[in-house]
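Per-entry structural report
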Amino acid sequence: MITRRFLALFLLLCSRGLFAQSAAEYLKHADSLLDAGNSQDAIGLYDKAIALDGSVEMAYRGRGSAYLRLGNYEKGEKDYHSALGINPKCARCYANLGKVEAEARHDFDKAIEFVNTGIAIDPKDAQLYLLRAKIKRVQGRNSDALIDFNRAVDAEPENAVMHMERGVYNVAMGFYPVAVSDFSKVIELTGKAPAAYENRAHCLVELKRYDEALSDMDSAISQGGRTSNYFIERGGVYASMQRYPEGLADYDTAIALSADSYLAYYNRGLTRYQMEDLDGACSDLKKGLDIAMTVDAKSPYVERIRRDMDAFCDPAFAAYYYQRGIAAYNRNDFAAAVDFYNAGMKKFPNNVLFLYFRGNAWIRLKKYREALGDYSVVLKNKDMYLRKMKEARGNRNATKDETALMIGAAIPSIYEGLSESHIALGNYEEALRDIDEAITLKTGEGMPGSEIPYNNRGVLYLIAGRDQDAVEDFDRVILNSPTAAEPYVNRAIAYINLSGEVRLNILNLGIVSRDGPMMSGAFPLAPGNHVAHGEEFLRRAIASSSKAIELDGTSAPAYELRGYVKALLSEDGACDDLKKAKLLGARGADGMIGAYCK
């Protein structure tokens with residue numbers, strides 16, 4: 001039988017075995033908690049280790065680190081000074097004292113003095129160079145910072161953290177190619193690196209390497225990056241590729257993962273804007289703004305969201321109406337566009353921007369006289385038109401270069417509209433006059449849309465029988481837009497006319513484009529084997545038509561022209577081309593098939 005005294009002695013002995021831990025054991029457990037991110041509980045164990053043995057340097061260092069993580073710089077600083085009292089050669093202690101100076105007191109010069117002392121003690125410690133690089137970065141000493149980022153990488157070339165940090169710096173500096181190299185090294189060293197894939201994807205987007213960026217974001221997400229931010233990032237890649245529905249789906253997922261992600265709402269709103277869903281865009285922007293004001297009112301995105309909302313969400317401004325009109329126009333709903341412009345003019349009768357936009361819509365509705373009327377009024381009030389263009393809420397934040405391009409194209413675009421309307425109404429002299437004026441006013445090569453007036457003038461030259469002038473204009477269009485099929489087709493017509501063998505009825509052809517297929521009666525029917533000196537031009541016509549077909553395999557005019565010229569030259573393949581043209585809707589193909597394909 002166990003007596004009470006013996007039982008008490010047994011319990012006492014057991015208690016000693018259970019609870020009498022050494023300072024080293026407390027230190028080990030505290031370090032584990034600190035590594036797991038549990039700084040508060042770690043401090044309690046460091047306290048016990050120090051209480052048992054006040055000469056343990058690592059206990060002071062560990063507790064100092066825990067205090068710094070909790071933002072208690074005063075106690076952290078005290079602990080690192082205590083550690084230095086035990087070991088004056090503690091390089092990392094000096095580094096952390098530098099961190100205190102930088103983060104708590106913003107005394108960056110003093111911080112660098114501490115870090116320099118640490119580096120003097122241990123010049124091979126990559127962490128010290130990394131810390132100094134970050135401090136210099138805050139000071140704006142970017143070149144000096146890069147030197148230290150490089151030293152950190154050189155000190156530990158197989159440390160993924162060093163490459164990651166230098167990569168982030170290179171992104172901030174806009175050094176995207178070298179940043180890609182750093183993130184690639186991180187991926188090579190770690191294998192599973194969602195953050196590195198995400199960062200590399202961002203660089204690849206900036207470098208317009210969209211397919212590679214998308215592949216990286218797929219890898220980031222598949223490796224565990226299934227957070228809101230990752231889907232927002234991939235949605236941005238899809239947006240850059242103009243794959244808007246897929247981007248929209250990613251933003252939906254981001255919102256499902258984090259309902260308070262204002263960035264997800266903001267980016268989804270911008271994507272809906274690109275998809276011409278302005279009401280949906282405004283709804284998302286408002287939701288994003290409401291969330292941002294609640295969770296992060298100082299975010300720079302707050303002002304950005306407000307600016308975008310001002311551009312097209314407030315019916316108190318003219319932009320609300322013309323932006324919706326433009327969206328309807330881009331959806332090919334031209335009648336709805338006119339309705340929006342009419343509503344805008346009713347509310348803002350002195351804003352001639354509406355007349356310009358409505359003129360564009362009238363052309364697409366084939367109401368050319370109405371278009372002429374609107375463009376003419378805008379031209380009479382061109383100073384007001386330019387002022388309103390600059391004041392347009394969507395243009396207020398444009399750069400100087402963007403504004404110059406916009407203003408440079410504003411008046412020429414009116415003359416282009418006038419010319420197009422005159423062409424449709426058969427007023428060819430007026431059309432040529434207006435297109436000449438548009439070209440004269442177009443300043444600066446490479447201006448967006450600069451090839452359009454040359455294409456239209458080339459057609460007018462064809463109508464006037466100025467075929468060589470037409471070729472020169474079409475050549476210029478091809479130089480500026482080498483992937484467009486239309487100028488190659490138009491140039492083929494000019495070459496056929498220049499052959500001197502036949503002359504196409506250009507008035508029946510109209511403006512050669514996918515919207516205006518060739519019409520019967522345009523081609524004079526004639527038997528083959530009669531070609532004389534004009535063969536060279538006819539072969540140029542075949543080459544130009546072939547290039548158009550290479551660029552656009554559904555171009556009925558290109559097949560029709562090539563088939564016609566082959567028939568004139570009695571070459572094989574004429575009937576195949578003409579039958580293909582008929583299949584694609586060319587109206588003149590039937591007559592030629594009957595004449596040449598017996």
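That block above? That's the structure.
All values reported here derive from a predicted model rather than from experimental measurement.

Remarks on the overall build of the chain
- Check the secondary structure of the chain and you find 33 helices and zero strands.
- Evaluated residue by residue, the chain yields a buried proportion of 47% over its 598 residues.
- Excluding contacts between residues fewer than 6 apart, the proportion of contacts in the chain whose partners are at least 24 apart in sequence is 52%.
- In the structure as shown, the chain presents an accessible area of about 29600 Å², 51% of it carried by carbon and sulfur atoms.

Brief notes about the pattern of salt bridges
- Counted by the stated rule, this structure contains 39 salt bridges.
- A salt bridge links glutamate 212 to arginine 209; the nearest nitrogen and oxygen atoms lie 2.9 Å apart.
- Relative accessible area serves as the criterion here: at 40%, glutamate 212 is assigned to the partly exposed category.
- Here arginine 209 falls in the partly exposed class, since its relative accessible area comes to 34%.
- When the shortest N-O distance is used, the salt bridge between glutamate 535 and arginine 539 registers 2.9 Å. Of this pair, glutamate 535 and arginine 539 both sit in helix α30 (residues 535-551), four residues apart, which is roughly one turn of that helix.
- Glutamate 535 sits in the partly exposed class, given a relative accessible area of 32%.
- What makes arginine 539 partly exposed here is its relative accessible area of 38%.
- What emerges from the salt-bridge pattern is a single network uniting Arg132, Lys136, Asp148 and Arg151.

Structural notes on the state of the cysteines
- For the coordinates displayed, the defined rule picks out three disulfides.
- One disulfide bridge connects cysteine 282 with cysteine 313, the sulfur atoms lying 2.0 Å from each other. With the S-S bond torsion at -95°, the cross-link from cysteine 282 to cysteine 313 turns out left-handed. Of this pair, cysteine 282 sits in helix α17 (residues 278-295) while cysteine 313 sits in the loop between α18 (300-312) and α19 (318-330), and the two are 31 residues apart along the sequence.
- Between the sulfur atoms of cysteine 575 and its disulfide partner cysteine 597 the distance amounts to 2.1 Å.

So, the packing of helix α31 (residues 556-568) against helix α32 (residues 574-583)
- Contact geometry for α31 and α32: axes closest at 8 Å, N-to-C directions at 155°. One finds that α31 runs roughly antiparallel with respect to α32. The element α31 and its partner α32 pack so that their crossing is left-handed. Only Ala574, Asp577, Leu578, Lys580 and Ala581 of α32 make contact with α31, whose side of the interface consists of Ala556, Tyr559, Glu560, Arg562, Gly563, Tyr564, Lys566 and Ala567.
- Class assignment for the residues of the contact of α31 with α32 results in seven nonpolar, one polar and five charged.

With respect to the side chain of serine 421
- Within the secondary structure, serine 421 is located in helix α24 (residues 400-425).
- What serine 421 contacts, discounting residues up to four positions off in sequence, is Ile363, Tyr368, Ala371, Leu372 and Tyr375.

Overview of the nonpolar core
- Cys203, Val237, Leu285 and Phe312 are the most contacted members of the largest nonpolar core, which totals 48 residues.
- Looking at this core element by element, the count peaks at seven residues for α17.
- Residues Ala431, Val471, Ala485 and Ile506 belong to the second largest nonpolar core, which totals 45 residues.

Examining the packing of helix α5 (residues 73-86) against helix α6 (residues 91-104)
- For the pair α5 and α6, interaxial distance at closest approach is 9 Å and the crossing angle is 160°. Regarding the angle of α5 to α6, the classification is roughly antiparallel. Seen along the crossing, α5 lies across α6 with a hand that is left-handed. Across from Tyr73, Glu77, Tyr80, His81, Ala83 and Leu84 in α5, the residues of α6 making contact are Cys93, Tyr94, Asn96, Leu97, Val100, Glu101, Glu103 and Ala104.
- Classifying every residue of the contact of α5 with α6 gives nine nonpolar, two polar and three charged.

Here's the deal with the packing of aromatic side chains
- All told, the structure shown has 14 aromatic pairs when counted by the stated rule.
- With a centroid separation of 5.8 Å and an interplanar angle of 25°, the aromatic rings of tyrosine 341 and phenylalanine 357 are classed as stacked. Placement of the pair is tyrosine 341 in helix α20 (residues 334-347) and phenylalanine 357 in helix α21 (residues 353-364), with a sequence separation of 16 residues.
- We classify tyrosine 341 as buried; its relative accessible area is 1%.
- With a relative accessible area of 13%, phenylalanine 357 lands in the buried category.
- Through pairs of rings, three or more aromatic residues link up here, namely Tyr322, Tyr341, Phe354, Tyr356, Phe357, Tyr375 and Tyr385.
- A cation sits over an aromatic face here: arginine 304 above tyrosine 301, 4.6 Å from the ring centre.
- One residue, arginine 324, lies across the ring of tyrosine 320, its end atom 3.8 Å from the ring centre.

Focus on the side chain of aspartate 216
- Tracing the backbone shows aspartate 216 in helix α13 (residues 210-222).
- Setting aside anything within four residues of it in sequence, one finds aspartate 216 in contact with Tyr197, Arg200, Ala201 and Leu204.

About the criteria used
- Residues numbered from 1 in each chain as written.
- Predicted model: local features only at pLDDT ≥ 70, side-chain atom pairs only at ≥ 80, totals over all residues.
- Heavy atoms only, no water.
- Helix = DSSP H or I, 4+ residues; strand = E, 2+ residues; numbered from the N terminus.
- Buried < 20%, exposed > 50% of the residue type's maximum accessible area, 1.4 Å probe, protein only.
- Contact = heavy atoms within 4.5 Å.
- Areas by Shrake-Rupley, 256 points an atom, 1.4 Å probe, with all protein chains shown as cover.
- Salt bridge = Lys/Arg side-chain N within 4 Å of Asp/Glu carboxyl O.
- Disulfide = S-S within 2.5 Å.
- Axes fitted to C-alpha atoms, helices over the stretch in contact; angles between N-to-C directions.
- Parallel < 35°, antiparallel > 145°, perpendicular 65-115°, else oblique.
- Left-handed = near helix turned anticlockwise from the far one by under 90°.
- Nonpolar A, V, L, I, M, F, W, Y, C, P; charged D, E, K, R; others polar.
- Core = buried A, V, L, I, M, F, W, Y, C linked by side-chain atoms within 4.5 Å.
- Phe/Tyr/Trp six-rings, centres within 6.5 Å; stacked < 30°, edge-to-face > 60°.
- Lys NZ or Arg CZ within 6 Å of the ring centre and 35° of its normal.

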